[in-house]
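# Per-entry structural report
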Amino acid sequence: MSTDTAENLREQVRERYAEAARAVEAGGGCGCGSGSCCENENASADFGESLYSAEQRGELPDAAALASLGCGNPTAVAELKEGEVVLDLGSGGGIDVILSAKRVGPSGTAYGLDMTDEMLALARKNAAQAGVGNVHFLKGVIEEIPLPADSIDVVISNCVINLSADKAAVLAEMARVLKPGGRLGISDVVAEDHLSPAERAERGSHVGCIAGALSKGEYIAGLEAAGFEQVSVEVTHEVADAMHGAIVKAVKAEQPETKGLPLVEAATSAGCC
Ligand SMILES: C[S@@+](CC[C@H](N)C(=O)[O-])C[C@H]1O[C@@H](n2cnc3c(N)ncnc32)[C@H](O)[C@@H]1O
């Protein structure tokens, strides 16, 4: 994809989610059509706060739950422990950062990274309302994470990687910031392997979290090439024909092998993304 097209796509995503944050601030749900942003008229979607347990929703300010635009619940699969450092890629209104901050406790830290100012403002407000102090919301893009190498125990993300125009860079960045032995617990939309990119695009838009989804095989190959082990992609619910909400898990190898290539090149040459 040309840099121009990738930048254009990123701008469309930013506008869509800025609008969503403004709609939540105005007291509504996502302002991008009916229901959540990660959804459109072609998708029989299951997105948003309904994917969290009543107990988890009870731990959150109403605005944080209302701002939930994910396609899963990464905090339910990441098995967070006291004292860990967690990073949420594309943290939106902050729902998963707040829940993670509570799991890791005061001796741990939860970072949220997002590129949209309106979402960062909403997340900071929600975290203050939730009374969690061990959180930091950073402005930046997931293709270039503004954190040092080997600094994170767990990377989580909820319905964001499909929105990236450079997924190989995202996978490589996750591998860079994780400590050796660190892990991923990600929710994302995943296509069945037989669907071509054109067939994915027929089922929904890029900003609606459908057209940009990786296939299961592409996810696995990309993660392995970026230096991850124990990679698994488990589908949970259908969001469009032959496309699913999925849980992606992996562990960063103690000594990552990237086939002798720089991380981004390794992921790209593995057929990702
Ligand atoms: C579908 S929403 C999901 C928000 C949140 N994870 C949740 O579950 O509610 C996508 C979020 O990712 C952010 N985002 C999308 N692409 C991004 C990128 N390349 N870098 C940083 N943030 C990005 C958007 O601004 C938006 O807040």
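Residues numbered from 1 in each chain as written. Predicted model: local features only at pLDDT ≥ 70, side-chain atom pairs only at ≥ 80, totals over all residues. Heavy atoms only, no water.

Moving on, we get to the overall build of the protein chain. Regarding its fold elements, the protein chain presents 10 helices and 8 strands. Expressed as a percentage of its 273 residues, the buried residues of the protein chain come to 58%. Look at the contacts in the protein chain between residues 6 or more apart in sequence, and 72% of them connect residues 24 or more apart. With an accessible surface of roughly 10,800 Å², the protein chain has 49% of that area assigned to carbon and sulfur atoms. (Helix = DSSP H or I, 4+ residues; strand = E, 2+ residues; numbered from the N terminus. Buried < 20%, exposed > 50% of the residue type's maximum accessible area, 1.4 Å probe, protein only. Contact = heavy atoms within 4.5 Å. Areas by Shrake-Rupley, 256 points an atom, 1.4 Å probe, with all protein chains shown as cover.)

Counting through the fold element by element, Lys81 comes out in the loop between helix 4 (74-77) and strand 1 (85-89). Taking relative accessible area as the criterion, Lys81 reaches 47% and is therefore assigned partly exposed. As for Lys81 and Gly108, which are separated by 27 residues in sequence, their C-alpha atoms are 8.6 Å apart. Those residues in contact with Lys81, other than ones at most four positions away along the chain, are Arg103, Val104 and Arg183.

Positive phi, close to 55°, is recorded for Asp150, a residue that is not glycine. If you trace the backbone, Asp150 turns up in the loop between strand 3 (135-139) and strand 4 (152-158). On the basis of relative accessible area, Asp150 is assigned to the partly exposed category, the value being 42%.

This brings us to the site of the ligand. Within the structure, the ligand sits among 23 residues, and Leu69, Gly90, Asp114, Thr116 and Ile142 are positioned closest to it. Between the ligand and Gly70 there is a distance of 3.3 Å, counted from an oxygen atom to a backbone nitrogen or oxygen. Contact between the ligand and Glu143: a nitrogen atom at 3.1 Å from a side-chain N or O atom of the residue. Calculation on the ligand without its partners gives an accessible area of 600 Å², and the protein chains cover 99% of this total. Each residue belonging to the shell around the ligand can be placed in one class, and the counts come to 12 nonpolar, 8 polar and 3 charged. (Near = heavy atom within 4 Å. Polar contact = N/O pair within 3.5 Å; in protein donor to acceptor, adjacent residues only side chain to side chain. Nonpolar A, V, L, I, M, F, W, Y, C, P; charged D, E, K, R; others polar.)

A separate point is the state of the cysteines. Every disulfide links exactly two cysteines, by a covalent bond between their sulfur atoms. Here the structure, examined in full by the defined rule, presents 1 disulfide. Here Cys71 pairs with Cys159 through a disulfide, and the sulfurs are 2.5 Å apart. Disulfide Cys71 to Cys159: torsion about the S-S bond roughly 115°, handedness right-handed. In this pair, Cys71 is assigned in the loop between helix 3 (62-66) and helix 4 and Cys159 in the loop between strand 4 and helix 7 (167-177), connecting sequence segments 88 residues apart. Residue Cys71 is classed as buried on the basis of its relative accessible area of 1%. Given a relative accessible area of 3%, Cys159 falls into the buried group. (Disulfide = S-S within 2.5 Å.)

Before going further, it helps to examine the nonpolar core. Of all hydrophobic cores here, the largest spans 30 residues; its most connected members are Met174 and Phe228. When residues of this core are traced back to their parent elements, those giving at least two are strand 1, strand 4, helix 7, strand 5 (178-191), helix 9 (216-225), strand 7 (228-240) and strand 8 (243-252). Considering each element in turn, this core owes the most residues, 5 residues, to helix 7. Among residues more than four places away in sequence, those in contact with Met174 are Leu89, Ile145, Val155, Ile161, Leu184, Ile186, Leu223 and Phe228. (Core = buried A, V, L, I, M, F, W, Y, C linked by side-chain atoms within 4.5 Å.)

For the protein chain, mean pLDDT is 88; residues scoring 70 or higher make up 86% of the total. Here residues 31-35 is modelled with pLDDT under 50, and outside its nearest four sequence neighbours on either side it reaches 9 contacts, counting other chains as well. This stretch, residues 40-45, has a pLDDT under 50; its non-local contacts, to residues over four places away or in other chains, come to 16 contacts. (pLDDT = per-residue confidence, 0-100.)

With that settled, the discussion passes to the packing of helix 1 (residues 3-25) against helix 6 (residues 117-130). Viewed as axis vectors pointing N to C, helix 1 and helix 6 meet at an angle of 40°, and their least axial separation amounts to 8 Å. Residue-level contacts link Tyr17, Ala18, Ala20, Ala21, Arg22, Val24 and Glu25 of helix 1 to Glu118, Met119, Leu122 and Lys125 of helix 6. Taken together, the residues of the contact of helix 1 with helix 6 break down into 7 nonpolar, no polar and 4 charged. (Axes fitted to C-alpha atoms, helices over the stretch in contact; angles between N-to-C directions.)

A word on the layout of surface pockets. Taken as a whole, the second largest pocket spans an internal volume of roughly 150 Å³. Together, Val77, Ala78, Glu79, Lys81, Arg183, Leu184, Gly185, Gln230, Lys249, Ala250 and Val251 line the second largest pocket. Of all elements in the fold, only strand 5 and strand 8 reach the threshold of two or more residues within the lining of the second largest pocket. Considering only residue class, the lining of the second largest pocket consists of 5 nonpolar, 2 polar and 4 charged. (1 Å grid on protein atoms, 1.4 Å probe; cavity = no way out; pocket = protein on both sides within 12 Å on 5 of 7 lines; lining within 4 Å. Points joined across faces, edges and corners; volume = space filled by probe spheres on them.)

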